[in-house]
Amino acid sequence: MTAQWPSALPESPLTEAYAEALPDNIIRSSTDQGPAKLRRRTTAAVRHLQLAYILSAAQTELLDGFYLEDLQSGSLPFLQAHPRTGEEKSMRFKSPPDYTSLNGGYFRVTLELEILP
């Protein structure tokens, strides 16, 4: 069973930190003459997503447990609503969460995720 993004964590990321990239899924081959040949590498490429949230200290503990225990240090996928489309997608962590302290009780967390095909 695939884990679900914890309901106690925010669904909507910070707008200014949102970044999404379509997969680079083209193989380019040089030719002796004329334009390069192009072809699709695969039919199942991953999209890259960068999100940021403002979390309380308690929410960071919840995210730590989700990442370390539920997702086995980020090795397992999870389900989350896509922040742009709202459609539920299977995602996984590309790297561990990155925390920056804002003040005594709040943290800015940056997540680098992959949207799985």
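What counts and how
Residues numbered from 1 in each chain as written. Predicted model: local features only at pLDDT ≥ 70, side-chain atom pairs only at ≥ 80, totals over all residues. Heavy atoms only, no water. Helix = DSSP H or I, 4+ residues; strand = E, 2+ residues; numbered from the N terminus. Expected span 1.5 Å × (residues − 1). Buried < 20%, exposed > 50% of the residue type's maximum accessible area, 1.4 Å probe, protein only. Arc of directions from axis to C-beta. Contact = heavy atoms within 4.5 Å. Core = buried A, V, L, I, M, F, W, Y, C linked by side-chain atoms within 4.5 Å. Salt bridge = Lys/Arg side-chain N within 4 Å of Asp/Glu carboxyl O.

*Asks:* Report on helix α1 (residues 57-70), specifying residues and quantitative values.
*Replies:* The terminal C-alpha atoms of α1 lie 19 Å apart, and with 14 residues this matches the ideal 20 Å at 1.5 Å per residue to within 8%. For α1, the set of buried residues is Thr60, Leu63, Phe66 and Tyr67. The buried residues of α1 occupy one face: seen down the axis, they fall within an arc of 120°. Facing away from the buried side of α1 by more than 90 degrees, the exposed set consists of Ala58, Glu61 and Glu69. As for α1, its buried residues are in contact with β1 (3-4), β5 (47-56), β6 (78-81), β7 (88-93), β8 (98-101) and β9 (106-115). Downstream of α1 by one or two residues, glutamine 72 has phi in the positive range, about 50°.

*Asks:* Kindly report on the nonpolar core, identifying the contributing residues and their values.
*Replies:* Counting residues in hydrophobic clusters, the biggest one holds 18 residues, and the most contacted among them are Trp5, Leu63, Phe66, Phe78, Phe93, Leu111 and Leu113. When contributions to this core are tallied by element, the ones reaching two or more residues are β5, α1, β7 and β9. Non-local contacts of phenylalanine 78, meaning those with residues more than four positions away in its chain, are made with Thr2, Ala3, Trp5, Phe66, Leu71, Lys89, Ser90, Met91, Arg92, Phe93 and Leu113.

*Asks:* Go over the pattern of salt bridges, please, and point to the residues and values.
*Replies:* Note that side chains of opposite charge can pair when their charged atoms are close. Per the counting criterion, the structure on display carries five salt bridges. The partner of arginine 47 in a salt bridge is glutamate 20, and the shortest N-O contact between them spans 3.1 Å. Note that arginine 47 is positioned in strand β5 and glutamate 20 in strand β2 (residues 19-21), a separation of 27 residues in sequence. Glutamate 20 sits in the partly exposed class, given a relative accessible area of 24%. Salt-bridge contacts for glutamate 114 lead to arginine 92; the nearest nitrogen and oxygen are separated by 2.6 Å. Note that glutamate 114 is positioned in strand β9 and arginine 92 in strand β7, a separation of 22 residues in sequence. For glutamate 114, a relative accessible area of 12% translates into the label buried. Each of Glu20, Arg47 and Arg84 takes part in a single network of salt bridges with overlapping partners.

*Asks:* Tell me about the side chain of glutamine 80, and please be specific about residues and values.
*Replies:* Within the secondary structure, glutamine 80 is located in strand β6. Residue classification places glutamine 80 among the buried residues on the basis of a relative accessible area of 1%.

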